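Inside the fold
Chain residues, written in single-letter form:
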Amino acid sequence: MTGGGTGIGRAVAAALVKQGLDVVITGRREDMLVAAAAEIGARAVVFDAADPAQVHAAAAELPERVDVLVNNAGGNVARRRPAPEGLADVRELWLANFEANVLTAVLVTTALQPRLADDARVVTIGSIAARRGSGSYGAAKAAIEAWTADLAFALGGRGITVNVVSPGVTEETEFFGGTLSEDRRRKLVGNPANGRTGTPADVAAVVIFLTSPEAGHVTGQVIGVNGGAGLGR
Ligand SMILES: NC(=O)c1ccc[n+]([C@@H]2O[C@H](COP(=O)([O-])OP(=O)(O)OC[C@H]3O[C@@H](n4cnc5c(N)ncnc54)[C@H](OP(=O)(O)O)[C@@H]3O)[C@@H](O)[C@H]2O)c1
């Protein structure tokens, strides 16, 4: 479970612990990660999932057999930077979002692929932004969908499923860098059918379904969790 110390990842990790799994959560901030692991009953392994050398080194501390892999680490790095001013800045931002959202998933999955059990489950957290826009962030999340389709075929013969869970606006996370004002929330949420933003628990419930033995015929899919803000058809 990458990025399991906060927000959506923490909720998914806690839900997987409740299912009786031995759960490892990962992230870059050691103190926060270790505290979260203690609270939810998981084990913490600290590394930057976008750095090949760190992923390689951390593999020794990761489980030898993997039944469930949730690639959750990511976020829109543009939210933490000034708007790009020149082409060099644009390039830097696009690469940073690609690293944060695509390479985190691809590197960890590639490192752990030989350890995936038959009938294992791989779930990557995408975003409604993949179909909506959001520049380099949405483009990176769209790349996750293409990669997932490929992996579903590569691993399907062993009963392994590979899916994307694609949240809409989800609060109680660090994604927006603080609490949302009412005005900002209204703009972001748009017009969902159920009139509300999502919670990490909403996303975790869908991940738990996809990781269940009963979900073995669901693979290569992008499942939206957005209250109807994006229609899946
Ligand atoms: N919240 C939303 O509205 C929303 C909507 C659609 C999709 N998503 C996606 O949901 C996922 C989870 O985000 P969240 O909303 O729960 O926000 P969050 O609270 O910021 O969680 C992101 C987590 O990922 C970890 N992380 C980020 N980059 C990492 C890296 N290179 N290596 C290891 N860990 C890394 C962070 O920990 P460290 O900083 O300690 O590494 C953090 O715990 C992300 O992929 C995000 O793009 C969120």
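Residues numbered from 1 in each chain as written. Predicted model: local features only at pLDDT ≥ 70, side-chain atom pairs only at ≥ 80, totals over all residues. Heavy atoms only, no water.

What about the pairing of strand β1 (residues 24-27)?
Look at any regular strand and the pattern is simple: side chains alternate between the two faces of the sheet. The line we're drawing: When accessible area is computed with a 1.4 Å probe and restricted to protein chains, residues below 20% of their type maximum are described as buried, those above 50% as exposed, and intermediate ones as partly exposed. Secondary structure is summarised from DSSP: a helix means a run of H or I of at least four residues, a strand means a run of E of at least two, and numbering begins at the N terminus for each. In short, DSSP must find at least two bridges between two strands for them to pair. Whether a crossover is right-handed comes down to one check: with the strands pointing away from the viewer, does the path from the first strand over the helix to the second run clockwise; if it does, it is right-handed.
Side chains V24 and T26 project from β1 onto one buried face, and the interleaved I25 and G27 project onto a second face that is buried too. Sheet topology note: the β1/strand β2 (residues 43-46) ladder contains four bridges and is parallel. Within the sheet, the bridge partner assigned to I25 lies in β2 and is A44. Regarding topology, helix α2 (residues 30-40) serves as the crossover connection from β1 to the parallel β2, and that connection is right-handed.

Regarding the site of the ligand
Where we set the bar: Being near a molecule or strand, for a residue, comes down to having at least one heavy atom within 4 Å of it. Within 3.5 Å is the distance limit for a polar contact, defined as a pair of N or O atoms, with the added protein rule that one can donate a hydrogen and the other accept it, and that residues adjacent in sequence qualify only through two side-chain atoms. In this count, Pro and Cys sit with the nonpolar residues alongside Ala, Val, Leu, Ile, Met, Phe, Trp and Tyr, while Asp, Glu, Lys and Arg are called charged and the others, Gly among them, polar.
Around the ligand sit 31 residues in total, of which T6, R28, D48, Y137 and T170 are the nearest. Take D48: an N or O atom from its side chain is 2.8 Å from a nitrogen atom of the ligand. Elements with a contribution of two residues or more to the shell around the ligand: α1 (7-18), α4 (87-112) and α6 (135-155). Looking at side-chain class alone, the shell around the ligand contains twelve nonpolar, 14 polar and five charged residues.

A few points about the nonpolar core
Short version of the rule: To define a nonpolar core, start from buried Ala, Val, Leu, Ile, Met, Phe, Trp, Tyr and Cys residues and group those joined through side-chain atoms within 4.5 Å. Every residue pair with non-hydrogen atoms within 4.5 Å of one another is taken to be in contact.
In this structure, F47, V108, L116, I160 and V162 are the most contacted members of the largest nonpolar core, which totals 26 residues. The biggest single contributor to this core is α6, with six residues. Among residues more than four places away in sequence, those in contact with V108 are T2, F47, A49, V55, L69, N71 and L103. L33, A36, I40 and V165 belong to the second largest nonpolar core, which has 25 residues in total.

Some points on the sheet that holds strand β3 (residues 66-71)
The condition that has to hold: Helix axes are fitted only over the stretch in contact, all axes being lines through C-alpha atoms; the angle between N-to-C directions runs from 0 to 180 degrees.
Taken in spatial order, the four strands make up an open sheet running β3-β4-β5-β6, and their pairing is parallel. Two strands bound the open sheet, and with one partner strand each, they are β3 and β6 (222-225). Between one strand axis and the next, the sheet turns by 20 degrees as a mean value, whatever way the strands run. Note: strand β4 (residues 116-125) against strand β5 (residues 161-167), five bridges, orientation parallel. Looking at β5, one finds that V122 is bridged to V162. Docked against the sheet, α4 engages β3 and β4, running at close to 170 degrees with respect to β3.

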